[in-house]
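# Structural characterization, general
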Amino acid sequence: MARVELSGINKSYGAQRALRDLNLVVENGEFFVLLGRTGAGKTSTLRMIAGLEKPDSGTVTIGGKDVGGWTAAERDVALVLQQYSPYPRLTVRGNLEFPLRAPGRNFSDSEIAARVDKAAKTLQITHLLDRKVERLSGGEMQRVSIGRAIVRQPSVFLMDEPLSALDAKLRESLRVELKALHRDLGATFLFVTHDQVEAMSMGDKIGVLRQGQLVQVGTPADIYERPLNTFVARSVGSPPMNLIDGQLSGGMAELGGFQLPVAAGAAGAGAVTFGVRPENLVLASGAPAEARVFDIEDQGVVKILVMDMGDARIYATVPAGTRVQRDELIRFGWKPDRVITFNAETGANLALA
């Protein structure tokens, strides 16, 4: 286990700036998720920590030690990649043993067997130990890749979108298993993803990355309920937060001819952007606002209504039994105390400014 800290990290690849004065702290034993879109700098961040890339400036410390001059092998970190890469000619057991038999490792056969058996049991692949990996499914091969990291017992696990190549049901299963693995090992995990569901369901903390800079760091509840700006607000939550331009005056939101109440003392005045999560919109006859149903996504437990209110496209999450049809005009309101006001120009959360 080890605390990881990046301070003032800058990295460019030619004219492309990947990381910009990046400061990041992953506490000892924490499951930290780095969330960002393609090109945000997630993989570059992992490669800096792993020692596969050197920053143009800034420092990387692991366990309180500056590792800038250390090789990847000296850093005692394990990297699990998006594309699983077990050795095809070896059995599962051979793959798990491989890092323990590398030059410079002096483990006895009994120590190797014990570590392999423990990793296999943890990942529920004991029954596959004598099978060639070429006969495994994608999910089983990814478990083998994770097992190769576990047997080393590194101080830090670095995971670069390890679930993105798997089907939806298997991703859901492995999310649960990885969290259980983290609890069992008590190790430091840094997990990068572009998938907000993974971030929200797995992370002790989430860091939202944009163009090589951390925009906000916090618990999943912090990020979801108190986004620092509209970028973060749209980065988490499915469907995303509704962002509607309007005017705030006298405790009322004016939205294209409709008026909706906001909480007493709401930050801001004049032109603002109102943010409200889909689950905080309320359908009711006689409600103050009106929208036309564009589409209905039936997800079993709930329905997601995609609606047009003037030029704004908005979402509402409603109970599965709600009776509604496409092109229907419906009335709705919102929960005033759940509305966030953002600066219309900068996108900053006015309550946090």
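These notes cover the structure that comes with them. Just so you know, the residues in each chain are numbered from 1, in the order the chain's sequence is written. For this predicted model, a pLDDT threshold of at least 70 governs which residues receive local features, and a threshold of 80 or more governs which side-chain atom pairs are given and counted, while totals over whole chains, interfaces and linings are taken from all residues. Computation of side-chain values: all heavy atoms of the structure, hydrogens and water removed.

## Some details on the overall build of the chain
If you tally the helices and strands in the chain, you get eight helices and 20 strands. Considered along the principal axes of its C-alpha atoms, the chain spans approximately 75 × 45 × 35 Å. Relative accessibility decides the category of a residue: with a 1.4 Å probe and only protein chains considered, values under 20% of the type maximum give buried, values over 50% give exposed, and everything between is partly exposed. Counting every position in the chain, which comprises 353 residues, the buried fraction comes to 46%. Long-range contacts, defined here as pairs at least 24 residues apart, represent 66% of the contacts in the chain between residues at least 6 apart. Summing over all exposed atoms, the chain offers an accessible surface of approximately 16,900 Å²; the carbon and sulfur share of this is 48%. Here a helix means four or more residues in a row that DSSP labels H or I, a strand means two or more in a row labelled E, and each is numbered from the N terminus. By definition, residues are in contact when any of their heavy atoms lie within 4.5 Å. Where accessible areas are quoted, they stem from the Shrake-Rupley method and a 1.4 Å probe; at the residue level, only the protein chains shown are allowed to cover.

## Quick word on a nonpolar patch on the surface
Distance thresholds for patches are 9 Å for like charges and 5 Å for nonpolar side chains (Val, Leu, Ile, Met, Phe, Trp, Tyr), applied to residues having over 30% relative accessible area and no salt bridge. Salt bridge, as used here: a side-chain nitrogen of Lys or Arg that lies within 4 Å of a carboxyl oxygen of Asp or Glu. Together, L52, L79 and L81 make up a nonpolar patch on the protein surface, roughly 230 Å² of accessible area in all. Of note, L52 is situated in the loop between helix 1 (42-50) and strand 4 (57-62). Accessibility expressed as a relative area gives 41% for L52, which makes it partly exposed.

## Digging into the pattern of salt bridges
According to the stated counting rule, one finds 18 salt bridges in the structure shown. The partner of E53 in a salt bridge is R47, with the nearest N and O atoms 3.3 Å apart. Here D117 and R93 are joined by a salt bridge, their closest N and O atoms 3.9 Å apart. With D117 in helix 3 (residues 109-122) and R93 in helix 2 (residues 92-97), the pair connects residues that are 24 residues apart, well separated along the chain. Assessed through its relative accessible area of 40%, D117 is described here as partly exposed. R93 sits in the partly exposed class, given a relative accessible area of 27%. Beyond isolated ion pairs, a larger network of salt bridges with shared partners links K11, R47, E53 and D56.

## Description of the sheet that holds strand 6 (residues 77-80)
Pairing is mixed across the open sheet formed by six strands, whose spatial order is 6-7-8-3-9-10. Bordering the open sheet on either side are strand 6 and strand 10 (213-218), each of which pairs with just one other strand. Within the sheet, the average angular offset between the axes of one strand and its neighbour, ignoring direction, is 20 degrees. Angles shown run from 0 to 180 degrees and are taken between the N-to-C directions of axes, each axis being a line fitted to C-alpha atoms and, for helices, limited to the stretch in contact. The sheet contacts of helix 4 (residues 138-152) involve strand 6 and strand 7 (156-160), and relative to strand 6 the element is tilted by about 175 degrees. Strand contacts of helix 5 (residues 168-185): strand 3 (31-36), strand 7 and strand 8 (188-193), with the helix running at about 160 degrees to strand 8, the strand carrying the most contacts. We treat two strands as partners when DSSP finds at least two bridges between them.

## Some words on the side chain of T322
Within the fold, T322 resides in the loop between strand 18 (312-319) and strand 19 (329-334). Other than its neighbours up to four places away in sequence, T322 contacts L283 and K303.

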